[in-house]
Each structure stands twice: as C-alpha cells, then as structure tokens.
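# Chains, contacts and geometry: an overview
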Amino acid sequence: MTKLIDSFGRGHRDLRVSLTDRCSLRCTYCMPHDFAAWLPNESLLTTDELITIIEVAVSQGIEEVRLTGGEPLLRPDIVEIVGRINSITNAPKLSMTTNGLALAKLAKPLVDAGLERINISLDTLDRERFKKLTYRDRINDVFAGIAAAREAGLAPLKINSVLLKDVNEDESIALLEWALAEGLQLRFIEQMPLDAGGIWSRKDLITADQIFADLSERYTLTPVDDRGSSPAEEFYINGTKDVVGIIGSVSRPFCGACDRVRLTSDGQIRNCLFSMGETDLRGTLRNPDLNDEQKREAISRAFHQTVAEKLPGHGINDPGFIQPVRPMSAIGG
Ligand code: SAM
Ligand code: SF4
C-alpha cells in the first residue's frame, strides 16, 4: 500500500530509474544531435546508492521499478543492479526500457538475475531510416537483441515506436504487421517536447488520432477496457487477443492516473518528466555528517515532499509551456 499520495489523491507506485544519461544512439527526438555534455562519472549514482534509494522507495509503497536511461545496458554493472533490486525485501516488479543494442549479449544474464519484463524501442524497419533517426547504423543489433530477449524467455516483448513527420510517419501499418508476425506487442508513443529545444514542433506532431486513423485503414481496432494507470490506450486487433497500444502523451494526456516518480542517473528525484524542479538525493547520500538511518529518513522525506508538490498535469498544452532544459535521455524516459 503506497504511502506516497499527492494532493490530488494519486497514489504513487511506479519508480522510473535512469541508470545513465549516456547512449549508444542519438535519436533525434530524444537528444540534440551534437549533445555531448554527458554527466561526469562521479555524478552518476553508484550501485550502492541506487539500491539504498530503491529500498527507501519500496518501503514507502513503490511496487514497480523500471530501469531506463539514456541506455541502461551501458551501465557496466547492469546485471548486478538487476540482481540486487531483486534481493530487496518486498522486491518490486522489475522491468527495463532499452534500445536493445546490447541485448544479444545481456538478455540471458539479465533474466537469470531476475529481469521480468522488457520494452525495446524501434521506430522503423528500414536501415537507412534507422540511420537517419539515430545517427548510427545499428538496426541489425536491435533485431539481434529482440531475438535474444525472446530466446531468454522475456514475455510479452513490447516494442516502443515514435513516429516522426517526413521520417517514418508512413510506417505504422508495416510496424504493426511485423510486430504481429513476430509475436511482439507494439505501442506507438506520441513525440513529446523533450529534446532540449531540438526538433519538436506541435504542428509536426503525429497524433494518437492520426495513428489510430492510419491503422484503422487496415485493421479493425476495438478498445480494451480497464486501462488502469497505463499510459497506453490499447486496442484488440481484428477481434483477436492481439493488442496494439497508442500513447497520446501530448494530445490525450493521462496525468489524472499518473502513479510515477522518477530518479535521474545523477540522483535527483522528479515528480514528472516535465517538472521544472528536482530534489537532490545524491548530496544526502554523500553527506559525511549523516548516518545510514538519517540518510534513509531524509530520502523518505524527499520522496513525500516531491510527490506532495506534484502538479495536476504536465502542462504541455498550457500557454507559455517551457521544455525542461535537460533532454529525455538525461531525465530518463
Ligand atoms: N535508451 C532506451 C530506449 O531507447 O528504449 C531507454 C531510454 S528512452 C529515453 C525511453 C523511451 O523514451 C524510448 O522508447 C524512446 O523512444 C522514448 N522517447 C525518447 N524521447 C522521446 C520523446 N521526445 N517523445 C516520446 N518518447 C520519447
Ligand atoms: Fe538513446 Fe533511447 Fe534516447 Fe534513443 S530514445 S537516444 S536510444 S536514450
């Protein structure tokens, strides 16, 4: 039972943990192409610091932890992190969002360490488009990663796709056909303004309505009831049990059901992707004047304070909305 309840009555059960701001791709919607200001190593939380924060969060009712980044598989200690989260008393459900590049090597060790669920991001099936979108020629590593994840027993395997105008906006049906043939669960995500002033523009947004309309030209989509706190509106495909998800983060915000808190790789907690403020936990953890119990108490208080300050919505559609200065890759998607 979560104790993290905000002033609008929303209980918080889901912690998104960014393990690093670094990435092996440069997706245009996630970071500016010339982005090179990685955090210095000493700014990143150590494994022990991460585990302490997650233990405190779990003691306050966090039930699910999703590891993300940047690219979480770039953390050299990723298998150890997964194993240690699984050993926490009342271990949370554990999942990961990854670009999949390193999964061919890591899927099996991660599953052995206790990873239960995975989302792999892939926006196009075309090698040239992948290069244009990510500035790296590595689509085959993603396919190899998907195969390895399947072989390691991760199920259901979910694929996240962002559609961009004039890049891959025409690929929704091809992506869904492929996902169905491969037994993957596809979710389209509307592009959010999180590229630190890069390419996002409202007029170019491929909206949830547009995606639904495009898919409906080929498939009969029937809404799945009971969305819970999931951001994805899900639809059964052609009367089967197969589903496709559409996440309309911008045009159909789901803030009213949001149950998430975020931890950045440099130890800041945020109550929203779009919050302008962060609360520093790293300084607390590294404060030589505090003992372990005092640190845990301070971290617990910080979680409550952060949740208490949460606004009713992300504000993207409000007049005067300003993008966070840190890109998605740094905040943790
Ligand atoms: N590197 C990993 C990956 O790509 O899956 C994890 C981090 S990434 C920030 C997590 C998810 O956020 C990915 O599915 C990515 O497509 C999505 N994402 C990144 N920038 C986004 C944006 N501006 N709008 C919507 N989704 C975005
Ligand atoms: Fe890297 Fe993921 Fe961002 Fe792409 S979406 S640049 S893979 S963090």
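The preceding data block contains the structure.
Criteria and thresholds
- Residues numbered from 1 in each chain as written.
- Chains lettered and ligands numbered in written order.
- Predicted model: local features only at pLDDT ≥ 70, side-chain atom pairs only at ≥ 80, totals over all residues.
- Heavy atoms only, no water.
- Axes fitted to C-alpha atoms, helices over the stretch in contact; angles between N-to-C directions.
- Helix = DSSP H or I, 4+ residues; strand = E, 2+ residues; numbered from the N terminus.
- Parallel < 35°, antiparallel > 145°, perpendicular 65-115°, else oblique.
- Left-handed = near helix turned anticlockwise from the far one by under 90°.
- Contact = heavy atoms within 4.5 Å.
- Nonpolar A, V, L, I, M, F, W, Y, C, P; charged D, E, K, R; others polar.
- Buried < 20%, exposed > 50% of the residue type's maximum accessible area, 1.4 Å probe, protein only.
- Core = buried A, V, L, I, M, F, W, Y, C linked by side-chain atoms within 4.5 Å.
- Near = heavy atom within 4 Å.
- Polar contact = N/O pair within 3.5 Å; in protein donor to acceptor, adjacent residues only side chain to side chain.
- Areas by Shrake-Rupley, 256 points an atom, 1.4 Å probe, with all protein chains shown as cover.
- Lys, Arg positive; Asp, Glu negative; His and termini not counted.
- Salt bridge = Lys/Arg side-chain N within 4 Å of Asp/Glu carboxyl O.
- Phe/Tyr/Trp six-rings, centres within 6.5 Å; stacked < 30°, edge-to-face > 60°.
- Pairing = 2+ DSSP bridges.

## Describing the packing of helix H1 (residues 47–59) against helix H2 (residues 78–86)
Interaxial distance between H1 and H2 falls to 10 Å at its minimum, and their mutual angle equals 30 degrees. Comparing their axes, H2 and H1 come out roughly parallel. Crossing angle aside, the handedness with which H1 passes H2 is right-handed. Contacts between H1 and H2 involve Thr-47, Asp-48, Leu-50, Ile-51 and Ile-54 on the former and, on the latter, Glu-80, Ile-81, Arg-84 and Ile-85. Of the residues contributing to the contact of H1 with H2, the split by class is five nonpolar, one polar and three charged.

## Quick look at helix H6 (residues 172–182)
Residues Ser-172, Ile-173, Leu-175, Leu-176, Trp-178 and Ala-179 constitute the buried set of H6. Turning to H6, the residues buried within the fold contact helix H5 (139–151), strand E5 (157–162), strand E6 (185–189), helix H7 (208–216), strand E8 (233–237) and strand E9 (243–247).

## Side note on the nonpolar core
Formed by 96 residues in total, the largest nonpolar core has its most connected members in Leu-15, Leu-67 and Phe-303. Sort the elements by how many residues they give to this core and H1 lands first, with seven residues. Setting aside residues up to four positions removed in sequence, Phe-303 forms contacts with Leu-4, Leu-15, Ile-53, Ala-57, Val-261, Ile-269 and Leu-281.

## As for the site of ligand 1
The environment of ligand 1 is formed by 18 residues, the closest being Tyr-29, Gly-70, Glu-71, Ser-121 and Met-192. The backbone of Tyr-29 places a nitrogen or oxygen atom 2.8 Å from a nitrogen atom of ligand 1. Asn-160 has a polar side-chain atom sitting 3.1 Å from an oxygen atom of ligand 1. Relative to its free-state accessible area of 540 Å², ligand 1 is covered by the protein chains to the extent of 95%. Along the lines of polarity and charge, the residues of the shell around ligand 1 split into six nonpolar, ten polar and two charged.

## Side note on the side chain of Asp-214
The residue Asp-214 is located in helix H7 in this model. This buried residue, Asp-214, is left without a salt bridge; Lys-165 holds the nearest opposite charge, at 11 Å. Leave out the neighbours within four places in its chain, and Asp-214 touches Glu-169, Ser-172 and Ile-173.

## A few points about the packing of aromatic side chains
The final tally for this structure, using the stated rule, is two aromatic pairs. Between the aromatic rings of Phe-143 and Trp-178, the centroid separation amounts to 6.1 Å while the plane-to-plane angle is 65 degrees, which identifies the pairing as edge-to-face. Of this pair, Phe-143 sits in helix H5 while Trp-178 sits in helix H6, and the two are 35 residues apart along the sequence. Under the relative-accessibility criterion, Trp-178 is labelled buried at 14%. Considering the side-chain rings of Phe-212 and Phe-235, the 5.1 Å spacing of their centres and the 50 degrees angle between planes classify their relative orientation as tilted.

## A few points about the sheet that holds E6
Ordered by their spatial adjacency, twelve strands build an open sheet running E7-E8-E9-E6-E5-E4-E3-E2-E1-E10-E11-E12, and the pairing between neighbours is mixed. For this open sheet the edge positions go to strand E7 (221–223) and strand E12 (279–280), each flanked by a neighbour on one side alone. Here strand E11 (residues 268–270) pairs with E12 via two bridges, running antiparallel. Bridge pairing in E12 links Ile-269 to Thr-279.

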